[in-house]
Amino acid sequence: MKIAKMEPTKQGTALVTGATMGIGAAIAERMAREGMDLVLVARDAARLEAAAKRLRADHGVEVLAVPLDLSHEQAPAKLAERLEDERVAVEVLVNNAGVAQVGPVADTNPARMRALIDVNARAVAELTSLLLPGMLVRGHGAIVNIASTAAYAPAPYNAAYGASKAFVLSFTRAVWAETKRTGVRVVAVSPGATETPMNTRPVPGKRQPEQVAETVMKAMRGRGPAVVDGPFNTVQAFVFSRILPTRTAARISGQFFRKAASES
Ligand SMILES: NC(=O)c1ccc[n+]([C@@H]2O[C@H](COP(=O)([O-])OP(=O)(O)OC[C@H]3O[C@@H](n4cnc5c(N)ncnc54)[C@H](OP(=O)(O)O)[C@@H]3O)[C@@H](O)[C@H]2O)c1
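This section reports on the structure supplied with the text.

Reading the values: the criteria
Residues numbered from 1 in each chain as written. Predicted model: local features only at pLDDT ≥ 70, side-chain atom pairs only at ≥ 80, totals over all residues. Heavy atoms only, no water. Helix = DSSP H or I, 4+ residues; strand = E, 2+ residues; numbered from the N terminus. Rg over C-alpha atoms; globule rule 2.2 N^0.38 Å. Buried < 20%, exposed > 50% of the residue type's maximum accessible area, 1.4 Å probe, protein only. Areas by Shrake-Rupley, 256 points an atom, 1.4 Å probe, with all protein chains shown as cover. Lys, Arg positive; Asp, Glu negative; His and termini not counted. Charge placed at Lys NZ, Arg CZ, Asp CG, Glu CD. Pairing = 2+ DSSP bridges. Axes fitted to C-alpha atoms, helices over the stretch in contact; angles between N-to-C directions. Contact = heavy atoms within 4.5 Å. Near = heavy atom within 4 Å. Polar contact = N/O pair within 3.5 Å; in protein donor to acceptor, adjacent residues only side chain to side chain. Nonpolar A, V, L, I, M, F, W, Y, C, P; charged D, E, K, R; others polar. Right-handed = clockwise from strand over helix to strand, strands pointing away.

## Thoughts on the overall build of the protein
- Along its length, the protein carries eight helices and seven strands.
- Here the protein has a C-alpha radius of gyration of 18 Å; the compact-globule value for 264 residues is 18 Å, and the two agree.
- C-alpha atoms of the protein, sized along the principal axes, occupy 55 × 40 × 30 Å.
- Relative to its 264 residues, the protein shows a buried fraction of 50%.
- Just so you have it, the protein exposes about 12900 Å², and 55% of that area is on carbon and sulfur atoms.
- Charge-centre separation for the protein: the mean point of 33 positive side chains lies 7 Å from the mean point of 24 negative side chains.

## Here's the deal with the sheet that holds strand 6 (residues 184–190)
- Within the open sheet, the seven strands sit side by side as 3-2-1-4-5-6-7. Their pairing is parallel. Every interior strand has two partners, whereas the edge strands, strand 3 (63–67) and strand 7 (226–228), have only one. Along the sheet, successive strands turn relative to each other by an average axial angle of 15°, direction set aside.
- Pairing geometry for strand 5 (residues 141–146) and strand 6, over six bridges, is parallel. By the bridge assignment for strand 6, Val144 is matched with Val187.
- Against the sheet, helix 2 (residues 45–59) makes contact with strand 2 (37–42) and strand 3, and its axis sits at roughly 170° relative to strand 3, the strand it touches most.
- Strands in contact with helix 3 (residues 75–85) are strand 1 (13–17), strand 2, strand 3 and strand 4 (90–95); relative to strand 3, the strand with the most contacts, it is inclined by about 150°.

## Looking at the site of the ligand
- The ligand sits among 32 residues. The nearest are Thr20, Arg43, Asn96, Tyr161 and Thr196.
- Measuring from an oxygen atom of the ligand, one finds a side-chain N or O atom of Tyr161 at 2.6 Å.
- Out of a free accessible area of 890 Å², the ligand has 95% covered by protein chains.
- Grouping the amino acids of the shell around the ligand by side-chain chemistry returns 16 nonpolar, 11 polar and five charged.

## Overview of the pairing of strand 1
- With respect to burial, strand 1 is a largely interior element, five of its five residues being buried.
- Here strand 1 shows a buried face lined by Thr13, Leu15 and Thr17 and a second buried face lined by Ala14 and Val16.
- Pairing geometry for strand 1 and strand 2, over five bridges, is parallel. Across the sheet, the residue bridging to Ala14 is Leu38, located in strand 2.
- In this fold, strand 1 hands off to helix 1 (residues 22–33), which returns the chain to strand 2; that crossover is right-handed.
- One ladder, built from four bridges, connects strand 1 with strand 4; its direction is parallel. The residue of strand 4 that forms the bridge with Leu15 is Leu93.

## Regarding unusual backbone geometry
- With phi around 70°, Tyr157 is a residue other than glycine that occupies positive phi space.
- Along the chain, Tyr157 falls in the loop between strand 5 and helix 5 (159–178).
- For Tyr157, a relative accessible area of 26% translates into the label partly exposed.
- In this structure, Arg181 is a non-glycine residue whose phi angle is positive, near 65°.
- The topology assignment puts Arg181 in the loop between helix 5 and strand 6.
- Its relative accessible area of 80% is what places Arg181 among the exposed residues.

Next up, the structure:
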């Protein structure tokens, strides 16, 4: 389906990566409810097409499904080419796709770790740099990069994941500063533990994907460079990054992720 041939909605098009499950699916659903057309990205083509079909039927919006593995080197460039071919101007980019991997670094397969970094960090930076120029020319648009509360302190036994999310947070804050007064909104949104296929562990105070999606919508209307989802997570991120000494924060988060690794 070519969005270019459709009458575009007043709200424009939102591109959501990792849109078939969990937080990304909730964000796509929330954007469709606002009347936005969608571009959905994930690896599993059948699940992607099913999500697209459901969103078209439920909300009457145009949905383009692009099956793509964002860990592949050329994936962001291929996606940008596809958007150009389809003449889709992305009004809102949500870099949500992410993968997790718990366990000690010494036991980690380097290729798996590289794939995590490629999806969680490199693809986020590349898609931002590929789609931001068009937004700047148009003088409007938004980029929401999904980080994590794990970005706010070292994450022993989840080291590469935490570091990839610290990259997302730092990168987004910097691009926020570069784009002030351009009409383009750039913001990092950090969920804490949220009930999704990625995180099925019972954790007290766990949030639902729909709550994170609501926080994303609010964050797009806000002004600051970074938002944490939910009051408990907000306090936790503040305490871990601004109050506790790094070694104490690392010890506490390490206990949490070590337990997660032993249960996985
Ligand atoms: N759940 C939590 O507790 C939590 C907490 C903090 C932050 N987050 C962050 O929130 C975001 C969403 O997490 P989630 O829990 O909703 O994850 P999820 O349930 O595992 O869903 C991940 C989504 O990303 C897609 N995806 C995974 N690898 C991909 C790849 N290589 N290329 C393209 N798409 C890919 C998946 O579809 P395919 O498998 O078909 O590709 C799926 O649509 C992530 O960035 C995560 O780090 C989650």
